[in-house]
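Structure assessment
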Amino acid sequence: MQQEAIEVVREYTEAVFRRARTPMEPLNYDVDWADQPSRHKSYPHAPRLPLPAGLPELATLRDLHTGQHLPPAAGWSLARLAALLRLSYGVLDRRLTVNWNQDVAKRAHFEHAVWGRGTASGGGMYPVEVYLVAGAGGPLLPGVYHYHTGAHVLERLLVGDVTGTVRAALGGDAAPGDSYLLAGIRFWKNSFKYNSFCYHVVTQDLGALLGSWDLLAPALGVPLRRSLCFDPAPLDRLLDLDGDAESVFAVVPLNVGGPAGPPVDADVHVRYAPFERSRRVRDFAAVTAVHRAAAAPAAPAPDTVDSAAPRDLPGEPVALPAAQLDRLARPLSTVLSGRSSSFGRFRRPPDLTAAELGTTLAFAAAGRRYPADVKRPDGGPELTRLWVFANHVDGLPGGSYAYCERRHALLPAGPEPDGGMAAFLQQQYFLTNYTMGQVGAVLAISGRPDAALDVFGPRGYRILNAEVGTVAQRAYCAATAQDLGCGAVLGFDNLAMNTALGLDGTDERTVLFLLLGRHPQATADVAYRL
């Protein structure tokens, strides 16, 4: 049965990686923008609890990178929880930028406005929903709460200590906690735009959010540990979710200083209904099939996890300048408040420097080690690798490279293509919102999907993509702190990019790409802080 599920996941990933050459079903899908879902899930009849709105001054990226952050706090206060939620997934400002996107003219109108958030999301869809299961002894009544990202409030969906249900779903080896954050994904918030491609995007969105929490938690003095291997069925029942349409993907234990909750009757569940804006909600067979397969609980043996990590590469290293950590000396709260996707705003000269590139790589690569049930105590092994397509980088010859974090160096993977790197990148990019001649470098995040499936079972695809999203979010933060532009894209021909990196004949694949470069200094951008 598990092997059948693995094959379903493998077929889906193959379709994703080949979509530049063979479009995924359904063909000729038209997005009905007038009937899109609300960007903010809400429970209109549930009581609302306003959260503190102030944003604390947090440790800098440099201090977080070097481990010089706040000493451990006593536990999660309501103020710390509010800061974690708002800076990671709440609405922070209204943004209007001049770029090459086709809908830029519409964005000047309020009904089409772009609202900035600290965490990146594919297409700006933000499909992750955050629920708090609060236990006794904390600042809130025990119960289940939903975080309303637009209003920055908690919606109380159930009263009573049901932390026992979460603890039972996690199993006996789970990290202890007296309260829990549940990160669920509602597929329709993304699939209405991306249809069958949805599952690939949303599992990386989950990783980006968890990557923000990985940074915010130590900055707030209360580290977190993500759990990705659990049975989602009892948690979906608790939240009254249709597991095919919305499901819990990650559980993060919290310690607020209360006692462990008792076991709970399985029939106890949320009874409030969420608001649905769309008149017609569609499902997509490929998304349903891969989700059912990948939802199978995973329980990898610790001594097998290393086999999913990318293998070392030979080659003479090209040394990078030492990471300029002083350029990361900006508070995390400032960085997340200013983070944005570049879209079509890249401009050169001046070129990206090798030092700026190296600083971004070093900070992003550190995100591959995080506290989780799929990792060793030291945060390893790394399931992903970073690559560089050097386009216009001052001090670095054009070509493709693998980044070696241990040596802080680049390992040559291939020469600059005939006709130049910019022409090659433009040929492989099948969208129209970027001009590659203006981009300094393209970072590629790769992994070994087949090895992840062998180690973790069908859930390995989700686990790998979560790490991809975490690395991408850290790259955004490093770029923002250095006043660089960054844009995550999925619009490259993966097969051609794999060939350029010398990955043909291996089981390693490119999964996500990040464009890195400069923005023009004088632009008519607007950011209205909330």
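Up top is the structure these notes are about.
Model, not experiment: these values are computed from the prediction. (Residues numbered from 1 in each chain as written. Predicted model: local features only at pLDDT ≥ 70, side-chain atom pairs only at ≥ 80, totals over all residues. Heavy atoms only, no water.)

1. Section: the overall build of the protein
Across its full length, the protein holds 14 helices and 18 strands. At 22 Å, the protein has a C-alpha radius of gyration in line with the 24 Å of a compact globule built from 530 residues. Buried residues in the protein amount to 58% of all 530 residues. Of the contacts made within the protein by residues no fewer than 6 positions apart, 81% connect residues no fewer than 24 positions apart. For the protein, the accessible area works out to roughly 20,700 Å², and carbon and sulfur atoms hold 54% of it. (Helix = DSSP H or I, 4+ residues; strand = E, 2+ residues; numbered from the N terminus. Rg over C-alpha atoms; globule rule 2.2 N^0.38 Å. Buried < 20%, exposed > 50% of the residue type's maximum accessible area, 1.4 Å probe, protein only. Contact = heavy atoms within 4.5 Å. Areas by Shrake-Rupley, 256 points an atom, 1.4 Å probe, with all protein chains shown as cover.)

2. Regarding the packing of helix α1 (residues 2-17) against helix α8 (residues 285-294)
Contact geometry for α1 and α8: axes closest at 8 Å, N-to-C directions at 135 degrees. Considering their axes alone, α1 and α8 lie oblique with respect to each other. The way α1 lies across α8 gives a crossing that is left-handed. Judged by residue contacts, Ala5, Val8, Val9 and Tyr12 of α1 engage Ala286, Ala289, Val290, Ala293 and Ala294 from α8. Considering only residue class, the contact of α1 with α8 consists of 9 nonpolar, no polar and no charged. (Axes fitted to C-alpha atoms, helices over the stretch in contact; angles between N-to-C directions. Parallel < 35°, antiparallel > 145°, perpendicular 65-115°, else oblique. Left-handed = near helix turned anticlockwise from the far one by under 90°. Nonpolar A, V, L, I, M, F, W, Y, C, P; charged D, E, K, R; others polar.)

3. Some details on the nonpolar core
Counting residues in each nonpolar core, the largest one holds 121 residues, and the members touching the most others are Trp76, Trp213 and Leu357. Residue contacts for tryptophan 213: discarding those within four places in its chain leaves Leu84, Leu85, Ser88, Val130, Leu181, Pro218, Leu224 and Val252. In terms of nonpolar packing, the next biggest core, distinct from the first, is built from 22 residues, Leu425, Tyr429, Tyr434 and Leu503 among them. (Core = buried A, V, L, I, M, F, W, Y, C linked by side-chain atoms within 4.5 Å.)

4. Quick notes on the pairing of strand β5 (residues 143-148)
Counting buried residues along β5, 6 of its 6 residues qualify, which places the element largely inside the surrounding structure. Burial along β5 is two-sided: Gly143, Tyr145 and Tyr147 facing one way and Val144, His146 and His148 facing the other are all buried. Examined bridge by bridge, strand β4 (residues 128-134) and β5 share 4 bridges and lie antiparallel to one another. Looking at β5, one finds that alanine 134 is bridged to glycine 143. Pairing between β5 and strand β6 (residues 153-159): 6 bridges, direction antiparallel. Within β6, the position partnered with glycine 143 by the bridge is valine 159. What sits between the antiparallel neighbours β5 and β6 is a turn of 4 residues, in which histidine 152 has the positive phi angle 55 degrees. (Pairing = 2+ DSSP bridges.)

5. Section: the sheet that holds β6
The strand order across the open sheet formed by 6 strands is β1-β6-β5-β4-β7-β8, and the pairing between neighbours is antiparallel. Both edges of this open sheet fall to β1 (48-50) and β8 (246-254), since each of them pairs with a single strand only. Mean inter-strand twist for the sheet, computed between neighbouring axes without regard to direction, equals 30 degrees.

6. A closer look at the environment of phenylalanine 346
Tracing the chain through its elements places phenylalanine 346 in the loop between α9 (332-338) and β10 (352-353). Judged by its relative accessible area of 3%, phenylalanine 346 is buried. Separated by 13 residues in sequence, phenylalanine 346 and threonine 359 have C-alpha atoms that sit 19 Å apart. Residues within four places of phenylalanine 346 in sequence aside, it is in contact with Tyr434, Gln438, Val439, Gly485, Cys486, Gly487, Leu515, Leu516, Gly517, Arg518 and His519.

7. Here we look at the pattern of salt bridges
According to the stated counting rule, one finds 27 salt bridges in the structure shown. Ionic pairing is found between arginine 279 and aspartate 35, a salt bridge with its closest N-O pair at 3.8 Å. Within this pair, whereas arginine 279 is found in the loop between β8 and α8, its partner aspartate 35 is found in the loop between α1 and β1, the two being separated by 244 residues in sequence. Residue class for aspartate 35 comes out buried when judged on its relative accessible area of 6%. The closest approach of N and O atoms between aspartate 326 and arginine 62, which form a salt bridge, is 3.0 Å. (Salt bridge = Lys/Arg side-chain N within 4 Å of Asp/Glu carboxyl O.)

8. Quick word on unusual backbone geometry
Cis geometry is found at the peptide bond from arginine 348 to proline 349, where omega equals 0 degrees. For proline 349, the location among the structural elements is in the loop between α9 and β10. Unlike most non-glycine residues, asparagine 195 shows phi in positive territory, near 40 degrees. The backbone of histidine 408 sits at a positive phi, close to 45 degrees, despite the residue not being glycine. Note that histidine 408 resides in the loop between β13 (399-404) and β14 (409-415). Residue classification places histidine 408 among the buried residues on the basis of a relative accessible area of 15%.

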